[in-house]
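Observations on the three-dimensional arrangement
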Amino acid sequence: MAQQEGEAPLTDDEVLANVFTILLAGQDTTASTIAWVAYFMASHPEVQRKMQEEIDTVIAPAAMLEDFDAGDALTYLNAVINETMRLKSVTPVLAVEPNYDVQVGDIAIPKGVVLSLLTREAGLQQGGNSAVDVFDPDRWLTGASAASHHRAGFMPFGSGPRLCPGRSLALMEVRSAVAMLCRNFDLLQVKDAPEVEEVFAFSMVPRNLRVELRRRG
Ligand code: HEM
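Below you will find a few notes about this structure. (Residues numbered from 1 in each chain as written. Predicted model: local features only at pLDDT ≥ 70, side-chain atom pairs only at ≥ 80, totals over all residues. Heavy atoms only, no water.)

The protein gives the iron atom of the ligand a lone donor atom, C164 (SG), placed 2.3 Å from the metal. The topology assignment puts C164 in the loop between α4 (144–152) and α5 (167–184). (Donors = N, O, S within 2.8 Å, 3.2 Å for Na, K, Ca; no water. Helix = DSSP H or I, 4+ residues; strand = E, 2+ residues; numbered from the N terminus.)

Considering all chains together, one arrives at 10 salt bridges under this definition. Here R175 ties to D72 by a salt bridge, and the two come within 3.4 Å at their closest N and O atoms. With a gap of 103 residues between them, R175 in helix α5 and D72 in the loop between α2 (45–59) and α3 (75–87) connect regions that are remote in the sequence. The class of R175 is buried, set by a relative accessible area of 18%. D72 gets classed as exposed once you look at its relative accessible area, which sits at 53%. (Salt bridge = Lys/Arg side-chain N within 4 Å of Asp/Glu carboxyl O. Buried < 20%, exposed > 50% of the residue type's maximum accessible area, 1.4 Å probe, protein only.)

This paragraph deals with the side chain of S32. Within the secondary structure, S32 is located in helix α1 (residues 12–43). Judged by its relative accessible area of 7%, S32 is buried.

Before going further, it helps to spend a moment on the packing of α1 against α3. Here α1 crosses α3 at 105°, and the two axes come no closer than 9 Å. The angle between α1 and α3 falls in the class roughly perpendicular. Touching T33, W36, V37 and F40 of α1 are V80, I81, T84, M85 and L87, all from α3. The class makeup of the residues in the contact of α1 with α3 is 7 nonpolar, 2 polar and no charged. (Axes fitted to C-alpha atoms, helices over the stretch in contact; angles between N-to-C directions. Parallel < 35°, antiparallel > 145°, perpendicular 65-115°, else oblique. Contact = heavy atoms within 4.5 Å. Nonpolar A, V, L, I, M, F, W, Y, C, P; charged D, E, K, R; others polar.)

Within the fold, S89 resides in the loop between α3 and β1 (93–96). Residue classification places S89 among the buried residues on the basis of a relative accessible area of 3%. There is a polar contact of 3.3 Å between the side chain of S89 and the backbone nitrogen of T91. If we ignore the near neighbours within four places in the chain, the residues touching S89 are T84, T119, R120, P156 and M204. (Polar contact = N/O pair within 3.5 Å; in protein donor to acceptor, adjacent residues only side chain to side chain.)

Core analysis: the largest hydrophobic core is formed by 31 residues, its most contacted members being M51, L77 and V178. Counting residues per element, the ones that place at least two in this core are α1, α2, α3, α5 and β5 (185–189). Beyond its immediate sequence surroundings of up to four residues, L77 is in contact with M51, E54, R175, V178, A179 and C182. (Core = buried A, V, L, I, M, F, W, Y, C linked by side-chain atoms within 4.5 Å.)

Applying the stated criterion across every chain yields a total of 4 aromatic pairs. Where W36 meets Y39, the ring centres are 5.3 Å apart and the plane angle is 85°; that geometry is what we call edge-to-face. Here Y39 and W36 lie together in helix α1, a separation of 3 residues that amounts to about one turn. In this structure W36 comes out as buried when scored by relative accessible area, which is 1%. Given a relative accessible area of 22%, Y39 falls into the partly exposed group. Chaining the aromatic ring pairs together yields one cluster made of W36, Y39, F40 and F135. (Phe/Tyr/Trp six-rings, centres within 6.5 Å; stacked < 30°, edge-to-face > 60°.)

For the peptide bond that leads from A60 to P61, omega is 5°, which places it in the cis range. Relative to the helices and strands, P61 is located in the loop between α2 and α3. The phi torsion at D192 lies on the positive side, around 60°, for a residue other than glycine. Here D192 is to be found in the loop between β5 and β6 (197–201). Of note, N208 is a non-glycine position whose phi angle comes to about 70°, a positive value. By secondary structure assignment, the location of N208 is in the loop between β7 (203–207) and β8 (211–215).

A few words now on the site of the ligand. By nearness alone, 20 residues border the ligand, and A25, G26, T33, R162 and C164 come closest of all. Here an oxygen atom of the ligand and a side-chain polar atom of R162 are 2.5 Å apart. Sorting the residues of the shell around the ligand by element identifies α1 and α5 as the ones contributing at least two each. The class makeup of the residues in the shell around the ligand is 10 nonpolar, 9 polar and 1 charged. (Near = heavy atom within 4 Å.)

This is how it looks when you write it as structure tokens:
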């Protein structure tokens, strides 16, 4: 509309490219993050119970988050989301290409060389109180040093000037969806379901994820 009124300099191709970027960058990434949280909730009933206790305390009798700020009070739920993104980052590989020759530490990178950055690795280097490959939301809560320790290597939304511009929206969406799930359903593993696998298809998505949602009594 702004274009028709002569106010927008964007061409149709540029509008299309931006809509495409936002859909591609925003939809699958957020949906798959919610799916991985559901995976951990179903496979860790004790974690799920703690999430439900918290959500019941913070938002009952409401059935879902009615106020965006209420999400900040969900300390444990937010730790579960962080821990999920640490182990199952949906963007574990970023491709970057320098516009000019750069030196990073003792590595010279010529202009135009395409690099694949493995962003999940740093978060898997140090363990805190439990082993690095163990799903343990408490590692985000047990003392300031533990949290900052993990934050240092934690970059599910990238880093620097190209940091994901949808980060806050994505976190709000994930929190709202997970809060709604916790408040209303028990998530259960499906018996005899095949093993869940990671599949990299632009974003890293779960294959074979089957979770039963049973309405909470
Ligand atoms: C859990 C969900 C999401 C994850 C894990 C995620 C992750 C990322 C990552 C790792 C990058 C690259 C950052 C870098 O190069 O350093 C990125 C870029 C981007 N994201 Fe997200 N994102 C998510 C949701 C969203 C949403 C909801 C939107 C928009 C509605 C969005 C829009 C974008 C755009 C436009 C870029 C490109 C920015 C640029 O190249 O300057 N993302 N995202």
